[in-house]
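# Structural overview
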Amino acid sequence: MGISLFYMGLIVLLPLTLAFAWSLRLESDSLWEIVISPRVLAAFKVSFGTACVAAAINAVCGLMTAWVLVRYDFPGRKLLDALVDLPFALPTAVAGITLAALHAKNGWIGALLDPFGLAVAYTPAGIVLALTFIGLPFVVRTVQPVLQAMDGEMEEASASLGADRWQTFRLVTLPGLTPALLTGFTMALARGLGEYGSVIFIAGNRPFVSEIVPLLIVTRLEQYDVVGATALAMLMLTVSFIFLLLINLLQSWMRRRRPIG
């Protein structure tokens, strides 16, 4: 326990404490001006909005992917299982450049969408796309082992009592998967909130439209405004911590209310 606490304190608590100390160098009036500035508020709206949408998409698509990998045996299943982990190994900058090239107006996919007036690259939709790409493995790898461990007898009993497949899934299977699904959602959301590399290449980085908070922090650092960048980072950390804490409390309540198995 002592080694674990020392390690966590050295790796996590010490840097956060120093960052918080740097942010205190700002006067309260200056800190408040940073918080309520329209550009910062717009960036927070983009960051949290796109991260939530991407995490919700991953919760649905990740559940379906995990279901297919566990419940079905088909040619290429192992290849699909390996492809799920690709966003973990692929540099985020490479992912961002590739997605931007595909969805730009002259890209393979962007050229098909442009005649319909649809744009993905350099819009908030592009940010959602990038965050969905990098967040999918968190949901799949969280739900997959729980789905593998679930007892199929409950589903068979439900079917024998006359329930169709949708009723069995909704009333029997899904409640047992919900805590794991919520965990995957939380992890994908947390990754999306702090993502930078894959987003800046496809977002367009337009203030009040597609600018994210991590980009604002980097911009202030490039302007040698270390204190202002630290203040933004601590604000992002505080809001993210509160947001994730509420989700974890909901997850804990759901587990107490209906434990798995």
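Relevant structure appears above.
Read on for a plain summary of the structure. Just so you know, these numbers come straight off a predicted model, no measurement behind them.

### Describing unusual backbone geometry
Most peptide bonds take the trans configuration, and most residues that are not glycine carry a negative phi. Its identity is not glycine, yet N205 carries a phi of approximately 55°, on the positive side. Owing to a relative accessible area of 24%, N205 belongs among the partly exposed residues under this scheme. For Y224, which is not a glycine, the phi torsion comes out positive at approximately 65°.

### So, the nonpolar core
In terms of nonpolar packing, the biggest core is built from 52 residues, with I127, L131, V143, F185, L189 and V199 touching the most fellow members. Every element with two or more residues in this core is listed here: α3 (38–71), α6 (92–103), α8 (124–149), α10 (165–194), α11 (197–203), α12 (213–222) and α13 (226–257). When residues in this core are grouped by element, the largest group, 13 residues, is from α3. Non-local contacts of F185, meaning those with residues more than four positions away in its chain, are made with C52, A55, A56, A59, V139 and I247.

### A look at the pattern of salt bridges
Counted under the stated rule, the structure contains six salt bridges. Note that D81 and R141 form a salt bridge whose closest N and O atoms lie 2.7 Å from each other. One end of the pair, D81, is in helix α4 (residues 77–84); the other, R141, is in helix α8, with 60 residues separating them in the sequence. Residue D81 is classed as partly exposed on the basis of its relative accessible area, which comes to 27%. Taking relative accessible area as the criterion, R141 reaches 25% and is therefore assigned partly exposed. Of the charged contacts, one joins D225 and R220 as a salt bridge, the two residues approaching to 2.8 Å between their closest N and O atoms. The network of salt bridges with shared partners includes D81, D85 and R141.

### Things to note about the packing of α3 against α12
Two numbers describe how α3 lies on α12: the axes approach to 8 Å, and their chain directions differ by 140°. If you check the angle between α3 and α12, you find them oblique. Contacts between α3 and α12 involve R39, V40, A43, F44 and S47 from the former and V213, P214 and L216 from the latter. Of the residues in the contact of α3 with α12, the class split is six nonpolar, one polar and one charged.

### With respect to the packing of aromatic side chains
This structure, assessed with the given rule, holds four aromatic pairs. Aromatic side chains F88 and F138 sit 5.2 Å apart centroid to centroid with 85° between the ring planes, which places their arrangement in the edge-to-face category. Residue F88 is found in helix α5 (residues 86–89), and its partner F138 is found in helix α8; the two are separated by 50 residues along the sequence. Residue classification places F88 among the partly exposed positions, given a relative accessible area of 44%. Sitting over the face of the ring of W67, R71 holds its NZ or CZ atom 4.5 Å from the ring centroid.

### Considering the side chain of S47
For S47, the position within the fold is in helix α3. Since its relative accessible area comes to 4%, S47 is described here as buried. Leaving out residues up to four positions away in the same chain, S47 has contacts with L193, I212, V213, P214 and M236.

Thresholds, definitions, all that
- Residues numbered from 1 in each chain as written.
- Predicted model: local features only at pLDDT ≥ 70, side-chain atom pairs only at ≥ 80, totals over all residues.
- Heavy atoms only, no water.
- Buried < 20%, exposed > 50% of the residue type's maximum accessible area, 1.4 Å probe, protein only.
- Core = buried A, V, L, I, M, F, W, Y, C linked by side-chain atoms within 4.5 Å.
- Helix = DSSP H or I, 4+ residues; strand = E, 2+ residues; numbered from the N terminus.
- Contact = heavy atoms within 4.5 Å.
- Salt bridge = Lys/Arg side-chain N within 4 Å of Asp/Glu carboxyl O.
- Axes fitted to C-alpha atoms, helices over the stretch in contact; angles between N-to-C directions.
- Parallel < 35°, antiparallel > 145°, perpendicular 65-115°, else oblique.
- Nonpolar A, V, L, I, M, F, W, Y, C, P; charged D, E, K, R; others polar.
- Phe/Tyr/Trp six-rings, centres within 6.5 Å; stacked < 30°, edge-to-face > 60°.
- Lys NZ or Arg CZ within 6 Å of the ring centre and 35° of its normal.

Just geometry here; none of it tells us what the structure is for.
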